[in-house]
Amino acid sequence: MQILHSLDPLRRAVAELRQAGTASGTPQATIALVPTMGALHEGHLTLVRAAREKADHVVVSIFVNPLQFGAGEDLDKYPRQLERDCALLKAEGVAAVWAPTVEAMYPQGFASSISVSGVSDGLCGASRPGHFDGVATVVCKLFHQVLPDVALFGEKDWQQLAVIRRMARDLDLTRPHADAVLGVPTVREVDGLAMSSRNAYLTPEQREQAVTLPMAMKVAIAGIEAGEDVAAATARLKDALLAGGFSSVDYAELRDADGLALLDSRSDAPMRLLVAARIGSTRLIDNMAVSPR
Ligand code: PAF
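In this numbering scheme, every chain counts its residues from 1 along its sequence in written order. Residue-level local features of this predicted model are given only where pLDDT is at least 70; pairs of side-chain atoms are given and counted only at 80 or more, and the full residue set underlies all totals for whole chains, interfaces and linings. Computation of side-chain values: all heavy atoms of the structure, hydrogens and water removed.

Draft legend 1. Representation of the sheet that holds strand β2 (residues 31–36) in the model. Pairing between strands is defined by DSSP: at least two bridges between them are needed. For helices the rule is a DSSP run of H or I covering at least 4 residues; for strands it is a run of E covering at least 2, with both sets numbered from the N terminus onward. If you walk across this open sheet you meet the six strands as β1-β4-β3-β2-β5-β6, and the pairing is parallel. In this open sheet, the two strands that pair with only one neighbour each are β1 (2–4) and β6 (181–184). Strand-to-strand twist of the sheet, defined as the mean angle between neighbouring strand axes without regard to direction, takes the value 25°. Note: strand β5 (residues 150–154) against β6, four bridges, orientation parallel. Looking at the pairing, G154 lines up with V184 of β6. Two residues form a contact once any of their heavy atoms are found within 4.5 Å. Angular values range over 0 to 180 degrees, each being the angle between N-to-C directions of two axes fitted as lines to C-alpha atoms, with helices fitted over their stretch in contact. Of the strands in this sheet, β2, β3 (57–62), β4 (96–98), β5 and β6 are in contact with helix α6 (residues 131–146), which crosses β2 at around 150°.

Draft legend 2. Spatial organisation of the site of the ligand. The nearness test applies per residue and asks whether one of its heavy atoms lies within 4 Å of the molecule or strand. Close contacts around the ligand come from P35, T36, M37, N65, Q68, V138, F153 and Q160, and that covers them all. Distance and chemistry together define a polar contact, namely a pair of N or O atoms within 3.5 Å, with one atom able to donate a hydrogen and the other to accept it when in protein, and with adjacent residues in sequence counting only for side-chain atoms on both sides. Within the side chain of Q68, one N or O atom sits 2.6 Å away from an oxygen atom of the ligand. Contact with the protein chains removes 89% of the 290 Å² of surface that the ligand exposes when unbound. Of the residues that constitute the shell around the ligand, the class distribution is four nonpolar, four polar and no charged. The accessible surface values rely on the Shrake-Rupley method and a 1.4 Å probe; as for residues, cover is taken only from the protein chains in view. Note on residue categories: nonpolar means Ala, Val, Leu, Ile, Met, Phe, Trp, Tyr, Cys or Pro, charged means Asp, Glu, Lys or Arg, and polar means any other residue, Gly included.

Draft legend 3. Focus on the pattern of salt bridges. By convention in these notes, a salt bridge is any Lys or Arg side-chain nitrogen within 4 Å of a carboxyl oxygen on Asp or Glu. Tallied over the entire structure, the rule returns 14 salt bridges. The residue R236 makes a salt bridge to E228 at a minimum N-O spacing of 2.6 Å. Residue exposure (1.4 Å probe, protein chains only): buried if accessible area is under 20% of the type maximum, exposed if over 50%, otherwise partly exposed. For R236, a relative accessible area of 41% puts it in the partly exposed group. Relative accessible area serves as the criterion here: at 23%, E228 is assigned to the partly exposed category. In the salt-bridge network here, residues are joined through shared partners; they are R18, D149 and R175.

Draft legend 4. Highlighting the pairing of β2. In terms of residue burial, β2 counts as a mostly covered element, since six of its six residues are buried. The alternating pattern of β2 places I31, L33 and P35 on one face and A32, V34 and T36 on the opposite face, and all of these are buried. Two strands pair when backbone bridges link them, and β2 and β3 are joined in this way by six bridges, in the parallel orientation. Within the sheet, the bridge partner assigned to T36 lies in β3 and is I62. In this region the chain leaves β2, passes through helix α2 (residues 42–54) and returns to the parallel neighbour β3; the handedness of that crossover is right-handed. Crossover handedness is defined here as right-handed if the route from the first strand over the helix to the second strand goes clockwise, with the strands pointing away from the viewer.

As structure tokens, this is what we get:
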């Protein structure tokens, strides 16, 4: 497994992988990209395993992207453990790790930004202004750097996935094409908490309280599916989180699954319940499907 820190060696490594053995006997091997910020957990490894099913070779990027962190957020304390991450990825059969330095990603004078309006607004876009511009910008760069046939993202970041798909469609990206931006279902701990690198910030007591999030979401979804008023169900969900030890709730909303339009009643198209809430200074997000009418 190659570990690359600057662009020219990455491009050479990708070109070599394209020529290297293909499972299907086609002249050019296919490549899947799994973008990450490192601090890998089972959720990331599930993405890697899914990626191996989709292409001949898997490239994983590890880059803690300063553009997507706001002032006062956890950029400095975000866990960085490249050596451990690379050992995990090697064991999963990853062909190359793209771990650029900040200077390699954003050279002196870097002045461009990608902004995807609509799907970036509201939800995490409201509580983290500029966050999705940072995500779209870095993901667009990663796509151009690696030129993958397919890219995989966790559904835990549902809004992020919607932003990246919209960007790929709007900008007519071909590597990957918008239809090759794939979401992989959220991996959960045994008690139901969605896996996240930020779970490592939780104290043992907060970790116990955090399970209130998926539990209260399931109760709210059962209510909505049984015909309960959406506003009443989400209000009860917020109350349950605050009673369960969360310090504040950024949002708890029912949205259309694709365009993310806010819904005040159950619709006949796929929907998601999306929640962001804080325990102490740690912000947790989660989302779950709600069955159409
Ligand atoms: O989901 C993440 O880890 C990041 O937002 C991503 C997609 C790697 C972009 O920095």
